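One-letter residues, chain by chain:
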Amino acid sequence: MSDRVDTDAQDADERELEAQLLERREAALAHVVKFGDPVLKSRASPISSFGPELRAEVERMVAIMRDGMGVGLAATQVGVLRRLLVFQAGPDGEPTALVNPEIEWLSDEEVLAEEGCLSLPGISVDVDRPLHARVRGRDAEGESIVIEASGLEARVLQHEIDHLDGVLILDRTSREQRKGALGALREGGTYSPPEVDDAGEGEFHEPRTDA
Ligand code: ZN
C-alpha cells in the first residue's frame, strides 16, 4: 500500500517537473523568431567588437537554447542579425559560442537525417549534410578557435551557419517535403517526413533535434 502511495507521489512529482519544463520551453520559444518573419531570410553581419555586451548576448542565447531544449541557436533566430551562434550537441556537452563562423572544410561523405528547427515549430524534414566539418571562428572573448566536428555536432553547426546566411531547412530538403512542410506551416499543423517502409532498415537515422 505504501509502495503504491510512493509511486503515485513520484508520478505526481514527475508530472509536475514535466509541466515546469514545458512551461519554461514555451517561455523560451516565445523569444525565437518564427517562420514568416523576413529576418530569417536575411544575411547576418560580422561582429567586430568583443566585450560585455556580446557576452550578455551569448548568455541570453544559451538560456533560450537550453530552456527551449534545442541543440543550437543562431542570433538570427532571436532577431539579431549578427554572426553569432551557440550550440550544445548532446546533453553532457558544454554550451559553446561561436562568432563569425566560417566553414573551412566539409567531408564528401554525406548523411541524410531528420532535422527540426526552433523557428519552425512542429516541422521536421530530411536534410542531407556532410558528416564531418571543420569550422573556424572566434569565441565570445575574441580568441580564434577551430572546431573539428562530426555527426550531430557537424550537422548543428551547418544548420546554424545556414541561419546566419538566411537559409532554412526548407531550402535544403526535397521538393515534396518542402511542399508538405509549407502546407503544414500555412495551416498551423505539423509535418514530419513520410516513413520509409521498404529500404528503411539499412538507413542511418540520427535522432531528431531542434536547432
Ligand atoms: Zn533552425
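Structure: see above.
From a predicted model like this one, the values you see are computed outputs, not experimental measurements. (Residues numbered from 1 in each chain as written. Predicted model: local features only at pLDDT ≥ 70, side-chain atom pairs only at ≥ 80, totals over all residues. Heavy atoms only, no water.)

K.L.:
Sorry, what's going on with the pattern of salt bridges here?
P.N.:
Between side chains of opposite charge, a pair can form when the charged atoms approach closely. According to the stated counting rule, one finds 15 salt bridges in the structure shown. With its nearest N and O atoms 2.8 Å apart, the salt bridge here joins Arg83 to Asp165. Placement of the pair is Arg83 in the loop between β1 (72-74) and β2 (84-87) and Asp165 in the loop between α3 (151-164) and α4 (175-187), with a sequence separation of 82 residues. On the basis of relative accessibility, which here comes to 7%, the residue Arg83 falls in the buried class. With relative accessibility at 29%, the residue Asp165 sits in the partly exposed group. Residue Asp162 pairs with Arg172 through a salt bridge whose shortest N-O separation is 2.7 Å. (Salt bridge = Lys/Arg side-chain N within 4 Å of Asp/Glu carboxyl O. Helix = DSSP H or I, 4+ residues; strand = E, 2+ residues; numbered from the N terminus. Buried < 20%, exposed > 50% of the residue type's maximum accessible area, 1.4 Å probe, protein only.)

K.L.:
What is the right way to read the nonpolar core from this model?
P.N.:
Generally speaking, nonpolar side chains in soluble globular proteins are found buried as a group. One finds Val58, Met61, Leu73, Leu84 and Val86 to be the most contacted residues of the largest nonpolar core, which totals 20 residues. Elements with a minimum of two residues in this core: α1 (2-29), α2 (52-67), β2 and β3 (96-106). For this core, the element with the highest residue contribution is α2, accounting for six residues. Those residues in contact with Met61 that sit more than four places away from it in its chain are Leu73, Ala74, Ala75, Val78, Leu84, Leu85 and Val86. Core analysis: the next-biggest nonpolar cluster, separate from the first, contains 16 residues, Ala133, Ile147, Ala149 and Leu157 among them. (Core = buried A, V, L, I, M, F, W, Y, C linked by side-chain atoms within 4.5 Å. Contact = heavy atoms within 4.5 Å.)

K.L.:
How do you make sense of a nonpolar patch on the surface when you look at a structure like this?
P.N.:
A contiguous nonpolar patch, built from Leu17, Leu21 and Met69 and spanning about 260 Å² of accessible area, is present on the exposed surface. Note on placement: Leu17 falls in helix α1. (Patch = residues over 30% accessible without salt bridge, like charges linked within 9 Å, V, L, I, M, F, W, Y side chains within 5 Å. Areas by Shrake-Rupley, 256 points an atom, 1.4 Å probe, with all protein chains shown as cover.)

K.L.:
Explanation requested: the coordination of the zinc ion in the structure shown.
P.N.:
In an ideal tetrahedron of four donors about a metal, each angle is 109.5 degrees. In an ideal octahedron of six donors, the angles are 90 or 180 degrees. Looking at the metal site, the zinc ion is ligated by Cys117 (SG), His159 (NE2), His163 (NE2) and Ala211 (O), spaced 2.1 to 2.2 Å from it. For the zinc ion, the four donor atoms in the first shell make angles of 92 to 140° at the metal, so the coordination geometry reads as irregular. Here the donor residues for the zinc ion map to a single chain with the spacing C-x41-H-x3-H-x47-A. On the criterion of sequence distance, the pair formed by His163 in helix α3 and Ala211 in the segment after α4 is long-range, its members being 48 residues apart. Judged on exposure class, the residue His163 and its partner Ala211 are both buried. (Donors = N, O, S within 2.8 Å, 3.2 Å for Na, K, Ca; no water. Tetrahedral: all angles 85-135°; square planar, octahedral: opposite > 155°, others 65-115°.)

K.L.:
What is the right way to look at unusual backbone geometry in this model?
P.N.:
Excluding glycine, most residues fall at negative phi; most peptide bonds, likewise, are trans. A positive phi angle, close to 60°, is found at Met69, a residue other than glycine. Within the element layout of this structure, Met69 appears in the loop between α2 and β1. By relative accessible area, Met69 is classed as partly exposed at 42%. Although it is not a glycine, Asn100 adopts a positive phi angle of roughly 50°. Along the polypeptide, Asn100 turns up in strand β3.

K.L.:
Looking at this model, I keep getting lost on the sheet that holds strand β7 (residues 144-150). Mind explaining?
P.N.:
Sheets are built from strands paired through backbone hydrogen bonds, the pairs being either parallel or antiparallel. In spatial order, the strands read β1-β2-β3-β6-β7; together these five strands make up an open sheet with antiparallel pairing. The open sheet terminates on both sides in strands that have one partner only, identified here as β1 and β7. Averaged over all neighbouring strand pairs, the angle between strand axes comes to 40°, with direction disregarded. Judged from the three bridges that link them, β1 and β2 form a sheet pairing that is antiparallel. (Pairing = 2+ DSSP bridges. Axes fitted to C-alpha atoms, helices over the stretch in contact; angles between N-to-C directions.)

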